[in-house]
Structure formats: C-alpha cells, structure tokens
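A structural walkthrough
Next come the chains, spelled out residue by residue.
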Protein chains: 2
Amino acid sequence: MKKYRNISKAFLVFCLFSLLSTGSFAQNKATWIWYPGDFEIWLSNDMQNRRTERGTFFPPFWRQDSHYVLIDFHKVFDLKEAEEVEIRAEGQYNVKLDGKMISGYPKKITIPAGKHKLNLKVHNQQQVPSIYVKGKTVVSDSSWLVTFEDKEWIDETGKASDQSGTTWLQAGSWNFDNSELPPSTFKLNTRPQYAVSTKKTGNNLLVDFGKETFGFVKLHGLKGKGKANLYYGESKEEALATETCETMDNLDINRSVAGDSLINLSKAFRFVNIQLDPGVSIDSASMLYEYLPVADRGKFKSSDAQLNKIWDISKYTMELTTREFFIDGIKRDRWIWSGDAYQSYLMNYYLAFDSRSVTRTTLALRGKEPVSSHINTIMDYTFYWFLGVHDYYKYTGDKEFVTQLYPRMKSLIDYCLSRRNANGMMEGLAGDWVFIDWAEKLSKQGEVSFEQLLFCRSLETMALCADLADDTSGAADYRKMAADLKTKIFAAYWNDDKKALVHSRVNGVQSDNVTRYANMFGIFFDYFNEEQKQQVKQSVLLNDKVQKIVTPYMRFYELEALCAMGEQDYVLKEIKDYWGGMLDLGATSFWEEYNPDKKGAEHYAMYGREFGKSLCHAWGASPIYLMGKYYLGVQPLTAGYETYSIQPVLGGLKWMEGSVPTPGGDIQIYCSTNEIRVSSPVGTGVLKIKSRTKPVCKNAAVVSKGNGLYEVTLKKGQNYKIAYKL
Amino acid sequence: MKKYRNISKAFLVFCLFSLLSTGSFAQNKATWIWYPGDFEIWLSNDMQNRRTERGTFFPPFWRQDSHYVLIDFHKVFDLKEAEEVEIRAEGQYNVKLDGKMISGYPKKITIPAGKHKLNLKVHNQQQVPSIYVKGKTVVSDSSWLVTFEDKEWIDETGKASDQSGTTWLQAGSWNFDNSELPPSTFKLNTRPQYAVSTKKTGNNLLVDFGKETFGFVKLHGLKGKGKANLYYGESKEEALATETCETMDNLDINRSVAGDSLINLSKAFRFVNIQLDPGVSIDSASMLYEYLPVADRGKFKSSDAQLNKIWDISKYTMELTTREFFIDGIKRDRWIWSGDAYQSYLMNYYLAFDSRSVTRTTLALRGKEPVSSHINTIMDYTFYWFLGVHDYYKYTGDKEFVTQLYPRMKSLIDYCLSRRNANGMMEGLAGDWVFIDWAEKLSKQGEVSFEQLLFCRSLETMALCADLADDTSGAADYRKMAADLKTKIFAAYWNDDKKALVHSRVNGVQSDNVTRYANMFGIFFDYFNEEQKQQVKQSVLLNDKVQKIVTPYMRFYELEALCAMGEQDYVLKEIKDYWGGMLDLGATSFWEEYNPDKKGAEHYAMYGREFGKSLCHAWGASPIYLMGKYYLGVQPLTAGYETYSIQPVLGGLKWMEGSVPTPGGDIQIYCSTNEIRVSSPVGTGVLKIKSRTKPVCKNAAVVSKGNGLYEVTLKKGQNYKIAYKL
C-alpha cells in the first residue's frame, strides 16, 4: 500500500491553505511552538510524578495522558524577497516546501520570493514535538496551524479530496523564544536562600530557613564516606520526627575532597534535619529557592496591621503554590486538583493576573480525549473546570483560547450529559467521586443539590463559550438545558419551611438535611431571588445550627457568599480570627486546615498521619480574593474588563489602598471613611459609593441611585478623587 | 486536595480483588507484562517512523498514538509459605503490598504466607511501562490485572465506594521472559549474509546479494577520510541510479585504523552500490539479515516445478514482510496498512500460523481511543480490520484476545455507525479515503456497493464477537443491523439484467457500471444464492468486458472467488502465468504490481517514480493462501479447528503434498489422482472427495453425498489412506 502524493496535489492543498492562513498577523518574533495543550500535559506529568512520600514514588491515581507523538506544522508565507530561514525541531523531523520534501534534516533553508507553504513534521515520544523557525519574516509563532492527523486523502490520479477532513488548530506556545532552549528544557527559576539559624548537635545539623520555603537543599563542604540523611519539616517537630516526617532524602556519600552538593528533587520545608554518619561531614547547608517568576501586581494595605500581614502571608502562600501549574500544597500532593486550582485562578486575578498559569492548568487538567472519568475522578471537579473557563473569559476576555478549547469542553460536557439520571440530574455512578468537602457524615447519595448547581453553571458556561465559538445551535441547546435544570433544582430542593435548598434528594424523596454548600453557591451564582437570598442568609449562612464548615476550601465560598450579601464587617472579623489564629501560631504560610481547638503539634496531623497536614496550601490564601473583590471591590462586568465595577467597602477598616490587575493594567484604589481615589488604565468603570451625603467629585458626575448609593462613571486613564461620608 | 487512603481501605479493596483475581491459573513462568496493546502501539510507532526516502524521514500521515504513561498492575496471591520475590520495572515505580507502599524502589521483597495483594505502579513516557516479577510461585504473567486509571474513590472515612468504577484488563505479554531484556530492548533477529558477487570499479563496489533481502549492510576494513555513499537497489538498475534510487546512506568516514562498520538503519535491497571518496577504502561488504523468527510449518510441493518455485518465492516474500508487524513492502512504506495486513493474516494461517504477529498487527492498527478517522484513513481498511478479527477467531479460537479487544471493536464500529447516511449506508465523508483498489477511473462517489458488503461483514463480525464477550443485546443489535443492510444491498445494487451487483448508487440512482469488487466478495462471503453465484461467475468473473484487475492485491480476491466456485484448473493456469511471469523476469520475491506488457526497467517504475515499485510486497504472496485453502483444501469450520474440512483439488496437478498449520499441530495431506493420505492432530474433520468410483478407506466409513462427492469423517491422531479415482 502506498499513499500517492505528488507535487500537483501539494499545490492544490497549498491553495486551500492560502485562504486559511495568510490572514494571520505575522508577529515576527520566533518562538518554539507545539500542538496546543501538549506541552502542558507533558509538563504536568513530569511535575505530578515528582511527588514522593518518604522517598517513595507517589504518582496520581487518575489517567495521565501523553502528548501526540507525531505532529504536522505549517504556514503559508508570501515573501517579497527570498529569505534564509533557520530551523530547529525537538524530535525526528522532515521539512517540506510547497509539499516537496527537502532531503535530510535541514537546519537552514532558503525560501524564494512569492507565496510558499512551509511544512514541518516532527516525531517525538519522550518529549513534545515542537519547532522553532526563524527568518527575517518567516517565524514560528501561534499563527502556525497544527494537526495530529492528515486526512487529505487522494485518488489514484493524485487529486486531493474535494473537502479536507483535517482539523487544524493554531499552534501552542509560551515564552520559549530562545532557539537553544526548547520546551523540554523548561525549569522554574531558582535563587540562593540562606538559613536563619543552624543548630549543630554532634555531627548533625538542624537548619531553619525562617519560613516555609521550597527548593533544593545544598550541602556545603560535604566530604567523607557514609550516609547523609535529610529529614524535611514544615515544622521543627516534623523535621525531628525521622520516622514519621513526610519527605526525606537518603544519600550515599563517597567523596574525599570537600565540595558542594545539591539535592536533585525540590521539596517543601522550613526545617531540615541533617543526620550524618560519623565518617561524613559538612560545613553548612543553604538552598536554591525554586519559583515561577510572575509579575508583582495585586496589592493591598490597610489601617489594620494584622490584616496586612494576613494579606502578605496569603500572597506568599500563592507564590509558593503557583508553580509549573497551580498546585494544592507544596509538601505533599504537588498535584493539580481542579477544585483547588479553581480557587487559585480566582486569587490570581487579584494578584499576579498570570493568565498563562490559568491556561496551562486548564489544559493540563483537561488532558486528552476520550473523557473516561471526571477530572481527578471527582464530579464536582469536572464542574469547577467549566467554572474556571467561565471566569477566565470574564477576567481576561481571551476569546481565542476559549474558542480553541471549545471542542474539549464539548466532549467533557457530553460525558456529563451521558451520565445524567432519568430526572436529568447528575448522581454518582460507579467510579464517580462525589467530593463536595472534607466533612463528617456528609451524604453523597442520590441527587446532591450542590452538584446540580455546579452542573447548571457548567451548562451556562457551555452556552457562553458556544457563542464565542459560533456554535449557535449548541448555544441554544446548552442555554435551554441550563434553564430547565435551574427550574428543576428549585422544584426539587427549595424548601419553603426551611427557607433553603436542602442537601439532596434520594429515590425521589427530598432529604431533611440543609447544608451550606448549595445555598452559598446559589448566592454568588445569583440563582436566588432577593427574598430567597435574605432567607438563605438568615436560615443558613448566619445559622449556627447548620453544620459548620471546617476547611479553608469551603470557607472561601462561605465568606464570599457573606460578602456578596454585604456582610464585609462580619467577614473581616472572621478573617482576622481564623487567619489571624494561624499567624498567632507562627504560620509563615497558610494551612490546609485550621482548627483553633487543637494544641501544639496536633495542628500538624491530618489524614491519620502525624505530619499529614500541608502547612502551605493554595486554598488557604483566599483573603487575597476577598480583599480584591469585596473590599477594594473590583470586578469585571463584561469580558476582559471592557466594563467593570468598583465598590469599595471598608468593612470596619479606617482606610485601605491597593491595586487590582486587569489585562490592560492595574486599577489603583484608595479608600478611607471620607475619601475615595481611583485610577484605571482600562475600559469603562462604574464606581459605587455608599455615602450619607452626596459624594463630591471634580471631574465626574455623581449620580444618586437611591438608598444612599451613588455612582460615578470612570473613564480610562483618568484620576478620580471623591469626597464622601461613610 | 488529597485523596485519603489508609490501610483499612486497602483491605476493603483487597477483599474485592480477591474475588476477581484468584480464579486465574498461575502459570508460574515469569514474563514482562504491560497494558494490552501498549507495547504494540509503541513498537509500531518505532517501526513505521523508520521509513526514509532518499535519507529523509518519512513518517505516516495518520495519527500515531502513545502507550498509557502510567499503569497500575496487580494480582492477589495465596501463598502456602513466605516467598522472596524479585521485582523489575521499566520506568519509575512503586510497590504496594496489601495497599501499603514499600519504601523506595524495592528490587526484592518478601511476601508472607497467606492471601496478599501485590501492586506495582509504573510511569514511563519514553517506553512502555512494564514489569517483571519472579518468585517461586509469584510471577508476572497475563493473569495480572492492569488499568490506566484507578476509580476506587473513597469517602472521608476511608470507606471505598460500593462499586468499583475501574476497568481492569488482563496484562499484555509476548515472549520477554528474561528479566534483563525488557520490552524496550526488542530487536528482530539477525544473521550474517554474504554477497554472491562484488564488482569493483576503481574505488567503488557493486555488491549483489543474489536475491531480495533486508538488513544492515556491513562495511569491512573501512578506513580513510571522506564520504562513503551507499545506494540501494532491489534491482541493479536502481542501485546504479544514484539520483533516483529510493533509499541511500551518506556516511562521513574518518578512521585511521581499518575496521568494520555496520549501517544503523536496516533496508531492503538486492544490490548495494558503494561509492567511496578517493581517500576512503573498504575490503568488502556483507550484511546482517534481519528477520522475525517464526515456525516453519505450512508446506507445499507438487508435480509442477514452476508452481513449487512460485510457492517457495511466495513463502520468502512472506518471510521478508512478516516483521515487527505485517507490513506492505520492505523497501518503501514499511508501514502497517490494514488492507495489506489482512491478506498477510490469511497467508499466515497457511504458513507460519504465527498468531502473535496477527494480534500485534491488529492492536497496532487499532491504536487508542478515541476513533478520529478510519484506519489508515481508509474506509475499506477499517472494515478489513473487522474481517481480520473475524478470521483470527475462526482460525485460532482465541476467545480471550477477542473478548479483551471487544471494547475497541465497539468504539470503532460506533464511529462507522455514526457516519452512515440517511439510507443507513456508508458513503465517503470529508476525510474518508474510499480506496477499493488502484484502478483507472474507479468511481468512489456515492454509496459504493463494495464498501457496503465489507460494512455488512463487519457488522456480522461484531455480532459474533458480542456473543463471545457476553454482550447479548449488542449481539442482537449487530445481527439485525447486518441482516437489514444485506437486504438493502441486494435491493440497491442487484441488477437482474446485468446479473450482478452494480458498482454504486449516486443520489439514489443505481449506476450503470459493474465492477468485480462487490461481486467477488459476495461469492466468498456467501451472500449470493446458488443461482446468483453462477450468474455472477459468468457475467462478471469470467467476463472480459468487465474492467480487469491489475493489482495482485485484488487479484488475491478474484482468484479466491474463482476457487470458491470450483475453478481451480483455471486459477492454476492464471497463477503459473502471472506469478510465473515474474519468475521469468528474475523475481526473487513477488512484486507490488506486475504488468506482462512492460519491458525491462519499466517494471520497476510506479507512482511516477523510476524505482517507485516495491519488488517485495506481501500482497504478492497470495499463492500461499490459495494453495492451502483451495488445493490442499483445508479450512476450519468452527473456531480454532475444532471442526474443519479438507477438500483436496489438484486443479490439473498430478500430485501435491503439504501441511497446513492449526492451533493443535499440522494437518498433513498427500493427494494424487488416485490416492489421498491425511493425518491431523486436531479436532474433527470432514474429508470431501470428488471421485468417479466410491473411495476406499480401511479405517473410516466413506459416505456418498451424491453427484460423485464422498465424505470421510476424520478423527484426531489417525492416519487415513484413501484410494479414489479422479
């Protein structure tokens, strides 16, 4: 068998592509490119398989996908003059010019003047097939088209099929602009960091880096023959507990000349307990701190020193958990969990606004076709993935990413739709983990209201994205499914006596139980009417008889719901109490869980293990999000901050100031009890002010909206100073 | 986030698996194991990417899949006494005993007496995750269970879900029984082979190996500095045509001491033209012949020396194309094409009966989920894949393979079913290559009858395999779909005037054209009634006005249809003429195409290239199949030769003898015009004899079936000698 191809065929194809490709704007900056999502999947495998437990490999239990191993890249160029082009590829490759193969593995070719199609095909099993092409105008960038299968079948005369069956996507890229540093060489940045104290006991060292940190320990002046055992601790207790600490390194040393040695697997710790055999010695230990460089944008400062520290430690917690991807905790899982990542996305929009960290994480979580399980095997985590796309578009306005992602969204929602029960609701089937929260006696049986709310929001997200991808009938279908489901949710779960959504329905019978989950999401999803909102606030949110939330994970949403109901005063106290409580115990980053009733080292235990708890967990950093969105009060109204609102709420503070990042720059806000100052480099904003007197602004109209609420329309690039009375 | 697992959970899971796994028979021979199909996919990528065209990398255009990169292996053992177990893995791995991780990367563990679950998890991106476990009774073999995703979700108390969502398959394996030689080290065998003549002209050598061969050229006594260029030729003309030969090597030599050098990429050739720069010299060239070792089972010898040579050269052609997989031709594509492979399967059942070559090829062709195109992008090639499974079961009776494959069959047929048109027929959509045959002016438009016949047979195959996989409702569905389609086929294509199936229907209109394709398949699929069969034989098969077939590919089926109609005399003449024609031209293996009208080097051209034709192409070897099935006349009646028939037909020969392999041994046959001798080590056979007088057999009853046909029932292990009169 032989697929017959000749040049005449290539030219037919060429003509087709000319129509498709030449519209793209040539960016003229060469960068390494690949099939979109493939680098992210490859890198996420690499990262997630770095988890160890006491030196043992501990990979995820869910499916890990591979990149496509054979990729076709092409672009059509129209050159004014002949151009010499440099070519690099990661993998075995060939190069075609106008459909004709160039012999061997060319590193430089000359493309004549005129319209030409340049095509590279790359195979790589171990790494992601990727290319780097650089000429004067011919460069590799995301305007190139890529595919993993070529369906240009031809007949025996060499005539191409009338209609192409090949799906082309725009190439994926990031910041690999150096031809010598292809994607497989990716590493996070490092910088030296030094111990704040080292305690020597005989031949052993207990090194304290002063705060939670992450990186590679470096042993200085190491020499001798024997064992060097390193026990890591997020707490001193853990580092000293050589039998139960979560991570360690056991090294065999054999060097006669003293020198420095770097541990090859980065870890999370504050303390390192270094135990050396008698024949082994070191002078000291330091480390290479390992981090993702992101912009320093979101800021917050207020009249409350404790709150400021909470914000700073939240920021540091986010810095530590924002890595190759948004991960849960830096000590233990180091995996990408969709529910945890979703909160990181939200915090990120008020901190670094690092969009690429969101898209990398979104692509890695989604993986490849076919969908064979929920994301991380958890039903709610599938839905958070959709919510993440919803918010990503809202905050960034990045239509291109959403459009390219849309087919992968469709197959994931199809998986969900195929698993609905006879009532059109999602219920845990074999293999579905209905997680919700770590909480005692939380029923996962039957149709759980919380899951239906997330499912409904996912369908709304599908409708939104179908519009962006010009899938008109899809948009209508999803919109109708979402509306129908919302109706069903209220029919099935709203209880007029309890004035709340109940927890679940089992075998068609409404359960008696009310939990916070569906009710708090119903608030910030805006699914309740005003009367229901107020009822839910009293009957659930502020009702101590309803089972309390103990994880920072769900506390995030609980406090958000309260803020959305205008309870900033109450929430501020809760923040100072809960997060302040961790600070009082010496936290240098925020924890996976905090229970004020516990004492001493009890705080470090979890999952039945003495040091099982993560002391640096992304979901512990939620004050970042709450301060930005509900105190500084900034949020986009339409995609990418084309329009946005600012409603500063002091919540009991004397003053606060800060900046909130947007795609077009940072919005600056200052607010005291009698003055608000705002400047914004983007879009059209509406500043909402609660004031006992009509606010005064020199350069903008102040419009009264009744009930002491006033609005000022904000224009791009202007500075506003408003006098008001709280 | 953290998936909570403790030992109590592990024991719950353990109990579940105890039920599932301990029924397996312990084979007690350790072998490397992997996720079924993954080694095959990995190896096929490796092999198919070895294609070069004049030194340039030339990979397939269809999607190449990857193995799963993270695999979970387990088995439950019940040990009478404690056992020390050796553990090897390809990749990063961990080991769990009864759900508890064993620290580090253990190479030896001790399993205590009693019931225990041993679990390994392996990650490997570059190679296939695989393991080798060897103790006294605890060994890795295909009774282990494997998965690529673990869906044993648990609640916060550590309780496992009531029903597992994880799909477990039995591990894949082959013959990697040596712990030191894991699957990634796979190489075909080699043995030295020497030139029959070498012609030196100045510094250059023209080496002739005497016949078509495949392997690595070895340069002896190589020294000097400069270029050594090797031009390969299946013909002398090709080796001498340095500008147009299909394969070549350009080496940079720089060695002061003379030594041997082996070319690192194996190639197909008979002649090698070695051109050396003035500063470079060699003493001689030999080669390492590269081959898959398979059993020497099928045999054929007759009173006709030319036919014997045809059979021998067919056998050698099959030997050369039976490699890591069944490939098309050894010079050019070296890819796995489903239509070509299907013919190799059939020949293989009458030659080496190497079942593993069939299953390897079947798994490699199928690839991974999701199905995004037809196999090799060709609609007919998808259907041949199903036919291959059908025949594999018929010849081998290997139910386990079919049962494990069934989900992959289902998803492939679902792809087809989803692409039916409003009439329930398959029509080429964008991206579907409707191939049929290389033939002039062959219409692929509309509903092609040939495709519907193959589709119908594929549905019948699905019904058969659904039964094997205990999918009762699936079996009924597929059976009904097949029956409905068969009815539609005759309604749409049978033309009473033409006494044949017409070629196609376009926009609801029956075409005027009759081609051989659907008609010859209709014969050996047994879709015609007896009257139609005879009509088709006259109006199509023996009708010169119907467009002739020129490829050995379709000639295979044409001659089979004629044999199935009892035209062995005619077919024998055709074979001697066509294949004998190639021998007369000096063929040492059979060609991709043969046109007796061409002269000299014209025979080597194809696809518009001077040496484009493959002179060793699997589909050229069909006499192997025809002789075994229609002359020696052996075929299974029920799966795996539980029952079978033998109907020797001399077709004009004075005598013939041979052996036909079966799963239980070789059936031996001798047949002259007055004597038949048969012995069979398997099943229950029925020997059918056409005789002018009633045959005489000492140890079996001869039953007359009328019309000069007699039958003898054959028992396993008996020798039969029958006197008869042709």
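Remember, predicted model here, so these are calculated numbers, not experimental data. (Residues numbered from 1 in each chain as written. Chains lettered and ligands numbered in written order. Predicted model: local features only at pLDDT ≥ 70, side-chain atom pairs only at ≥ 80, totals over all residues. Heavy atoms only, no water.)

Another point: the overall build of chain A. On a plain count of helices and strands, chain A comes out with 15 helices and 36 strands. The globule rule puts the C-alpha radius of gyration for 726 residues at 27 Å, and the 28 Å found for chain A is close to it. Along the longest, intermediate and shortest principal axes, the C-alpha atoms of chain A span 80 × 75 × 65 Å. A separation of at least 24 residues holds for 73% of the contacts in chain A among residues at least 6 apart in sequence. In the structure as shown, chain A presents an accessible area of about 26,700 Å², 49% of it carried by carbon and sulfur atoms. (Helix = DSSP H or I, 4+ residues; strand = E, 2+ residues; numbered from the N terminus. Rg over C-alpha atoms; globule rule 2.2 N^0.38 Å. Contact = heavy atoms within 4.5 Å. Areas by Shrake-Rupley, 256 points an atom, 1.4 Å probe, with all protein chains shown as cover.)

All names here are of chain A. Space inside the largest pocket adds up to approximately 1,200 Å³. Lining the largest pocket are 48 residues, and of these Cys563, Ala564, Tyr630, Gln635 and Gln647 lie nearest its centre. When residues in the lining of the largest pocket are grouped by element, the largest group, five residues, is from helix 7 (residues 379–396). Grouping the amino acids of the lining of the largest pocket by side-chain chemistry returns 24 nonpolar, 11 polar and 13 charged. (1 Å grid on protein atoms, 1.4 Å probe; cavity = no way out; pocket = protein on both sides within 12 Å on 5 of 7 lines; lining within 4 Å. Points joined across faces, edges and corners; volume = space filled by probe spheres on them. Nonpolar A, V, L, I, M, F, W, Y, C, P; charged D, E, K, R; others polar.)

Here we come to the sheet that holds strand 31 (residues 675–679) of chain A. Residues and elements named next belong to chain A. With antiparallel pairing, six strands are arranged side by side in an open sheet as 21-29-30-31-36-33. Looking along the sheet, the strands with just one partner apiece sit at the ends: strand 21 (299–302) and strand 33 (696–697). Alignment of strand 33 against strand 36 (residues 719–723), held across two bridges, turns out to be antiparallel. Each residue of the ladder has a partner; that of Cys697, found in strand 36, is Ile722. (Pairing = 2+ DSSP bridges.)

Now for the sheet that holds strand 6 (residues 92–97) of chain B. Residues and elements named next belong to chain B. One open sheet holds the six strands; their spatial order is 7-6-9-4-11-12, and the pairing between them is antiparallel. The sheet is open, and its two edges are formed by strand 7 (100–102) and strand 12 (169–170), each paired on a single side. Inspection of the sheet shows strand 4 (residues 70–79) paired to strand 11 (residues 145–147) by three bridges, in the antiparallel sense. Of the residues in strand 11, the one forming a bridge with Phe73 is Val146.

This part is about the relation of the copies chain B and chain A. The transformation that overlays chain B on chain A combines an axial shift of 0.0 Å with a rotation of 180°, and the residual RMSD is 0.1 Å. Expressed as an axis order, the relation between the two copies is that of a two-fold axis. Within chain B, B:Gln126 has its C-alpha nearest the rotation axis, a separation of 2.2 Å. An overlap of 100% is found between the interface residues of chain B and their copies at the interface of chain A, pointing to a shared contact surface. (Least-squares fit on C-alpha atoms with pLDDT ≥ 70 in both.)

Within this structure, the stated rule accounts for 140 aromatic pairs over all chains. Here the aromatic rings of A:Phe61 and A:Trp335 are separated by 6.3 Å at their centres, their planes lie at 65°, and the arrangement is edge-to-face. Of the two residues, A:Phe61 sits in the loop between strand 3 (56–57) and strand 4 (70–79) while A:Trp335 sits in the loop between helix 4 (305–321) and helix 5 (338–348), which places them 274 residues apart along the sequence. The class of A:Trp335 is buried, set by a relative accessible area of 1%. On the numbers, 6.0 Å between centres and 65° between planes, the contact of B:Phe450 with B:Tyr517 is edge-to-face. Here B:Phe450, found in helix 9 (residues 449–468), pairs with B:Tyr517, found in helix 11 (residues 516–524); they are 67 residues apart in sequence, far enough to count as distant. Overall, B:Phe450 belongs to the buried group, its relative accessible area being 1%. In this structure, B:Arg51 packs its charged tip against the face of B:Phe58, placed 3.9 Å from the ring centre. Across the ring face of B:Trp335, the terminal group of B:Arg51 is positioned such that the distance to the ring centre comes to 4.5 Å. (Phe/Tyr/Trp six-rings, centres within 6.5 Å; stacked < 30°, edge-to-face > 60°. Buried < 20%, exposed > 50% of the residue type's maximum accessible area, 1.4 Å probe, protein only. Lys NZ or Arg CZ within 6 Å of the ring centre and 35° of its normal.)

So, on to the domain arrangement of chain A. All names here are of chain A. Domain assignment breaks chain A into domain 1 (7–182), domain 2 (189–291), domain 3 (294–337 + 549–631), domain 4 (379–434 + 440–548) and domain 5 (634–723). Once you take the C-alpha centre of each, domain 2 and domain 3 turn out to be 28 Å apart. Listed by partner, the interface residues are 22 residues for domain 2 and 21 residues for domain 3. Together, Glu212, Glu234 and Glu246 form the three largest contributors to the area buried by domain 2 at its contact with domain 3, with a combined 34%. At the boundary of domain 2 and domain 3, one finds four salt bridges. In this structure, the salt-bridge partner of Arg323 is Glu290, at a minimum N-O distance of 3.1 Å. Taken together, the elements giving at least two residues each to the side of domain 2 that touches domain 3 come down to strand 16 (204–233), helix 3 (236–240), strand 18 (267–276) and strand 20 (284–291). Among the elements that make up the side of domain 2 that touches domain 3, the one with the highest residue count is strand 16 (five residues). A class-by-class count of the residues in the side of domain 2 that touches domain 3 yields six nonpolar, six polar and 10 charged. (Domains from an automatic or database assignment. Buried area = accessible area lost by both parts, 1.4 Å probe. Salt bridge = Lys/Arg side-chain N within 4 Å of Asp/Glu carboxyl O.)

A few words now on the pattern of salt bridges. The final tally for this structure, using the stated rule, is 82 salt bridges over all chains. A single salt-bridge network, built from bridges that share partners, covers A:Arg51, A:Arg332, A:Asp333 and A:Glu592.

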